[in-house]
Amino acid sequence: FQQEDQERDEFIQEQLRKLEADITLTNEEIANKQEELGGLFSARQIADAQTEIRALETKLSSLQSTYASLLGNTNRGATNTLSVIEGANLPTTPVGPQRIMLILISAAVGLALAIAAAYLLEYLDDTIKTSAEVNKLLKLPVIGQIAEIDKGKIDGNYIANNPRSAVAEAYRGLRTNLEFAAVDRPLKVILVSSAAVGDGKTSVAISLATIMAQGGKTVLLVDGDLRRPRIHNFLGLPNTNGLTDVFRNSIELHEALQTSKLDKVMVIPAGEPPPNPSELLGSKKMDIILDSLRKVADVVILDGPPFLVTDAALLSSKVDGVLLVVRSGLSRKNEVLYAIEQLDRVGARVLGVAL
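Description of the structure in this document. Just so you know, these numbers come straight off a predicted model, no measurement behind them.

## Re the sheet that holds strand β8 (residues 350–354)
Okay, so step 1: Read across the open sheet, the 8 strands follow the order β1-β8-β7-β2-β6-β3-β5-β4; overall the sheet is mixed. Looking at the sheet topology across the chains shown, the edges are occupied by β1 (142–144) and β4 (258–259).
Okay, so step 2: Both strand β7 (residues 321–325) and β8 contribute to a ladder of 4 bridges, which runs parallel. Residue pairing in the sheet places V322 in a bridge with V350 of β8.
Okay, so step 3: The sheet strands contacting helix α6 (residues 166–181) are β1, β2 (189–194), β7 and β8, and the helix crosses β1 at an angle near 125°.

Structure (structure tokens):
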């Protein structure tokens, strides 16, 4: 077999040499014909010369193709030949995934991502959560820390129906702190408000009125949120013959008083929402109404609008004190700071924060 391979290789090499000579000769002929073409003037001679050149180029292409085919059968043309330098050693033990290492790496990566996500959420969360944050940010005391009531249990009579609950006890603590705040300056009219909608000011106002009535005081609960009145919904009262009707002189102030299911608590609903609540609450008529209410009850709890609107600032300048409701995890720091700025601007007396 080796002798036959050697003879075949010699034959191929001989053919390659002949093809190389033919290719060189054909290239020379093409060059000569192209040189001759430059000196011809007859159209017929030029056409014949171009035909001969094309024939020579076809011949050259065929020779080169044949040469490439023969060259691929020699060692000179075998560019894709693989040679085994050293045989591979077969493994003696099974090779598989390192499960323990993969589990440890996965746990480490998951822990790192969880920590990063926690820090990111903490960074993006701009709500107030603790009394320490209230003291640091607002420079105000927290005079009441009240647990949230389940949404399905919220009604105006929750404190009366659950006098021994933790929520009722928290409101008793709030009542005591307000009594201490009234030692030097009486608190006849207290405005309960918040920085934004949904912070729970209405439920705080109703529960505070209830717990103060349980302490032996005659309490008057007034819905001063003329844009979004809600006290009548909590207590199941009609929103007629209310505060706006007194402003319009449709009824007298005593006609707006309504009895409620809360013992010793009289209620004045807001009435039909007016087109100009700010003008009404900031008017001299409102001063006259508040002076009259001071004579009717021991304490007047005014459920005011949030500080998103100017109504709250106008009311806060007319009352004896403001209780600011902050809802943990919901009230935003910038909104609460804006409320404090408005209170400072009108010179209102801030009693503290109910968290």
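## Regarding the packing of α6 against helix α7 (residues 201–214)
Okay, so step 1: Interhelical geometry of α6 versus α7 gives an angle of 75° and a closest axis separation of 9 Å. With respect to α7, the axis of α6 lies roughly perpendicular. Where α6 abuts α7, its residues A168, Y171, R172, L174, R175 and L178 lie against S203, V204, S207, L208, I211, M212 and Q214.
Okay, so step 2: When grouped by side-chain class, the residues that make up the contact of α6 with α7 number 8 nonpolar, 3 polar and 2 charged.

## A closer look at the layout of surface pockets
Rolled over the atoms, a probe with the dimensions of a water molecule shows which regions are left empty.
Okay, so step 1: In this structure, the largest pocket spans a volume of roughly 760 Å³.
Okay, so step 2: Lining the largest pocket are 31 residues, with G198, D199, G200, S203 and R327 sitting closest to its centre.
Okay, so step 3: Counting residues per element, the ones that place at least two in the lining of the largest pocket are α6 and α7.
Okay, so step 4: Counting residues per element, the lining of the largest pocket draws most heavily on α7, which supplies 4 residues.
Okay, so step 5: Residues belonging to the lining of the largest pocket are distributed by class as follows: 15 nonpolar, 7 polar and 9 charged.

## With respect to the pairing of strand β6 (residues 299–303)
Okay, so step 1: For β6, the tally of buried residues reaches 5 of 5 residues, placing the bulk of the element in the interior.
Okay, so step 2: Residues V299, I301 and D303 line one face of β6 and the alternating positions V300 and L302 line the opposite face, and both faces are buried.
Okay, so step 3: Pairing analysis gives 4 bridges linking β2 to β6, with the strands arranged parallel. The residue of β6 that forms the bridge with L191 is L302.

## Comments concerning α6
Okay, so step 1: Here α6 is 16 residues long and its end C-alpha atoms lie 23 Å apart, about the 22 Å a rise of 1.5 Å per residue gives.
Okay, so step 2: Along α6, the positions that sit buried rather than exposed are V167, A168, A170, Y171, L174, R175 and L178. Down the axis of α6, the buried set is contained in an arc of 155°. They therefore lie on one face. Across α6 from its buried face, at more than 90 degrees, point the exposed residues A166 and F180.

## Concerning the pairing of β8
Okay, so step 1: Counting buried residues in β8 gives 4 out of 5 residues, a clear majority hidden from the surface.
Okay, so step 2: When β1 meets β8, the two strands line up parallel, connected through 2 bridges. Its bridge partner lying in β8, V142 is registered against V353.

## Considerations on a negative patch on the surface
Okay, so step 1: On the surface, a cluster of negative charge is contributed by E4, E7, D9 and E10.
Okay, so step 2: Along the chain, E10 turns up in helix α1 (residues 2–37).

Conventions adopted
Residues numbered from 1 in each chain as written. Predicted model: local features only at pLDDT ≥ 70, side-chain atom pairs only at ≥ 80, totals over all residues. Heavy atoms only, no water. Pairing = 2+ DSSP bridges. Helix = DSSP H or I, 4+ residues; strand = E, 2+ residues; numbered from the N terminus. Contact = heavy atoms within 4.5 Å. Axes fitted to C-alpha atoms, helices over the stretch in contact; angles between N-to-C directions. Parallel < 35°, antiparallel > 145°, perpendicular 65-115°, else oblique. Nonpolar A, V, L, I, M, F, W, Y, C, P; charged D, E, K, R; others polar. 1 Å grid on protein atoms, 1.4 Å probe; cavity = no way out; pocket = protein on both sides within 12 Å on 5 of 7 lines; lining within 4 Å. Points joined across faces, edges and corners; volume = space filled by probe spheres on them. Buried < 20%, exposed > 50% of the residue type's maximum accessible area, 1.4 Å probe, protein only. Expected span 1.5 Å × (residues − 1). Arc of directions from axis to C-beta. Patch = residues over 30% accessible without salt bridge, like charges linked within 9 Å, V, L, I, M, F, W, Y side chains within 5 Å. Areas by Shrake-Rupley, 256 points an atom, 1.4 Å probe, with all protein chains shown as cover. Salt bridge = Lys/Arg side-chain N within 4 Å of Asp/Glu carboxyl O. Lys, Arg positive; Asp, Glu negative; His and termini not counted. Charge placed at Lys NZ, Arg CZ, Asp CG, Glu CD.

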